[in-house]
Amino acid sequence: MTSPWKKLLLIFLLTLFAGFISLPKEIRLRFHLAKLSVDKILIRPDLNISLGKVNLKRSFDLRLGLDLAGGSHLVFEAETAGLPNENKEAALTSLRNIMERRVNLFAVTEPSVQISSFEEKDRIIVELPGVGDTQEAVELIGKTAQLIFSEPTEEESLVEGEELKYGFISTDLTGADLEKADVTFDQTTGKPAISLKFTQEGGQKFTQITKRNVGKPLAIVLDEEIVSAPIVQEEITGGSAQISGDFTLDEAKNLTIQLNAGALPVSVKLVEQRTVGSTLGAESVSRSIRAGVVGLIMVLAFMILSYGKFGLVADMGLVVFGVLTLALYKIIPVVLTLPGIAGFLLSVGMAVDSNILIFERFKEEKLKRPFTDALEVSFGRAWDSIRDANIATLVTAFILANPFDFAFLHTSGPVRGFAITLALGIGISLFTGIVVSRNLLRVFVREDRK
């Protein structure tokens, strides 16, 4: 088996796996032929991978945005009455940024978090696409995680069974001294826990607290509740600690998100909570999809009419591009909105653009050298143009996506969705245009010429 055949086999297996993921959850099979009648619903099984104690199960359902599938609409009112006017704007901006960060850590893609001030009331409007049950999100977004370490008081009392009962008093070690929180697992019990890494000053405080409380419990208080009170066995240095309460994995993740996101700068209360339908009607979505399909068919036809068998190979690469892209949307996952679909359709044009550059270059090279050599040279010399054009587009998509949340580049959720789908499409189009199409041409077109 030659090298191009091996590569084509790997591409085929990759496309087959991506095709499995891209299939909808349910496929209705219905047809009537003479006396043969079939009416069944085929269900695509979930992907279930077990690696030791880790069990990974994914359904790979396509997630649609607020404009296509609806979601949740939450309105929080900020208590800014006691703030001076010069501090109010900064507090609201900080509040919006923290809420947006919490929503993103909650794995909700393309959220909309906006400030609304009307009749001396300051509100934060949060829209969560694809989230039907909002209660968990409400608790996560609007809650202030207050972490305090408390040490036992001087007084001790005996209870039944001669067990010592301690009273606790708060120390100066709080969540403000926290540098980072991560989900981990207790080495003894195997249950989810939260590891804490303190700042340099916080680490020094923690060392002093454990030094004076050896043999006594140290209470870890989160939101006025003692979640853990381990006995200090020795002085702990290094600025690290662990909260090992009776958590589920989801509870540990949510607490970690709250601790990493920080406390809200002002208090908030939920004043409105509702589930909303899609802002675009079903007819608008249907028309958009129909227009995309027509455009895709026209691109396929154009390539065949313009380049013959070369165009047919490019079309095969475009089919692979579509399957891989849809699978990647489900794996990440990407929440698709109408601007996101526009980014995908734009990347379809970019997917065949590289093939056009290569084919046009081939027309010139085949006049100077043998067919097979001209084919290889065409790919090599067209690569510089393909690379530079796609890098320029990727830079634009990177700026629109604003992954580092620069204030001067603040972009809305739909704009980010457009940028993300466009960037993913460009990346996959480079793979299909250079790798997939090249190996298809090496195998089929070369053999056809022999």
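For the structure, see preceding data.
Peer 1: Please give an account of the overall build of the chain that cites residues and values.
Peer 2: If you tally the helices and strands in the chain, you get eleven helices and 17 strands. The 450 residues of the chain split such that 38% are buried. For the chain, the share of sequence-separated contacts (at least 6 apart) that also reach a separation of at least 24 residues comes to 68%. Surface accessibility of the chain: about 25,300 Å² in total, with carbon and sulfur atoms responsible for 58%.

Peer 1: Break down the sheet that holds strand β11 (residues 178-185) for me, with residues and values.
Peer 2: With respect to topology, three strands assemble into an open sheet ordered β11-β12-β15, the strand pairing being antiparallel. The open sheet has two edge strands with one neighbour each: β11 and β15 (240-243). Strand-to-strand twist in this sheet, taken as the mean axis angle between neighbours without regard to direction, amounts to 25 degrees. Across four bridges, the pairing between strand β12 (residues 192-198) and β15 is antiparallel. Across the sheet, the residue bridging to Lys 197 is Ser 240, located in β15. Contacts between helix α5 (residues 200-211) and the sheet are confined to β12 and β15, with β12 contributing the most and set at about 110 degrees to the helix.

Peer 1: Before we move on, could you go through the packing of aromatic side chains and cite the residues and values that matter?
Peer 2: A full pass over the atoms with the stated rule returns ten aromatic pairs. Relative to Phe 206, the ring of Phe 149 lies with its centre 5.9 Å away and its plane at 70 degrees, an arrangement referred to as edge-to-face. Note that Phe 149 is positioned in strand β9 (residues 147-159) and Phe 206 in helix α5, a separation of 57 residues in sequence. Each member of the pair Phe 149 and Phe 206 is classed as buried.

Peer 1: So what about helix α10 (residues 371-401)? Which residues, and what values?
Peer 2: Between its first and last C-alpha, α10 extends 43 Å over 31 residues, near the 45 Å set by a 1.5 Å rise per residue. Along α10, the helix axis deviates most sharply at Trp 383, where the bend reaches about 35 degrees. Those residues of α10 not exposed but buried are Phe 371, Ala 374, Leu 375, Ser 378, Phe 379, Ala 382, Ile 386, Asn 390, Thr 393, Ala 397 and Ala 401. Looking one or two residues beyond α10, the residue adopting positive phi is Asn 402, at roughly 50 degrees.

Peer 1: Would you mind going over the side chain of Asp 315 in detail, with residue names and values included?
Peer 2: Mapped onto the secondary structure, Asp 315 falls in helix α8 (residues 309-331). The charged side chain of Asp 315 is buried without a salt bridge, its nearest counter-charge being Lys 309 at 14 Å. Those residues in contact with Asp 315 that sit more than four places away from it in its chain are Val 299, Leu 300, Met 303 and Ile 304.

Peer 1: Describe the pattern of salt bridges, naming the residues involved and giving the relevant values.
Peer 2: Counting across every chain of the model gives ten salt bridges. In this structure, the salt-bridge partner of Glu 376 is Arg 438, at a minimum N-O distance of 3.1 Å. Within this pair, whereas Glu 376 is found in helix α10, its partner Arg 438 is found in helix α11 (residues 413-449), the two being separated by 62 residues in sequence. Arg 387 is the salt-bridge partner of Asp 388, the closest N and O atoms lying 3.2 Å from each other. Residue Arg 387 is classed as partly exposed on the basis of its relative accessible area of 32%. One salt-bridge network, in which partners are shared between bridges, spans Arg 361, Glu 365, Arg 369 and Arg 381.

Scoring rules and cut-offs
Residues numbered from 1 in each chain as written. Predicted model: local features only at pLDDT ≥ 70, side-chain atom pairs only at ≥ 80, totals over all residues. Heavy atoms only, no water. Helix = DSSP H or I, 4+ residues; strand = E, 2+ residues; numbered from the N terminus. Buried < 20%, exposed > 50% of the residue type's maximum accessible area, 1.4 Å probe, protein only. Contact = heavy atoms within 4.5 Å. Areas by Shrake-Rupley, 256 points an atom, 1.4 Å probe, with all protein chains shown as cover. Pairing = 2+ DSSP bridges. Axes fitted to C-alpha atoms, helices over the stretch in contact; angles between N-to-C directions. Phe/Tyr/Trp six-rings, centres within 6.5 Å; stacked < 30°, edge-to-face > 60°. Expected span 1.5 Å × (residues − 1). Bend = angle between axes of the 7 residues up to and from the residue. Lys, Arg positive; Asp, Glu negative; His and termini not counted. Salt bridge = Lys/Arg side-chain N within 4 Å of Asp/Glu carboxyl O.

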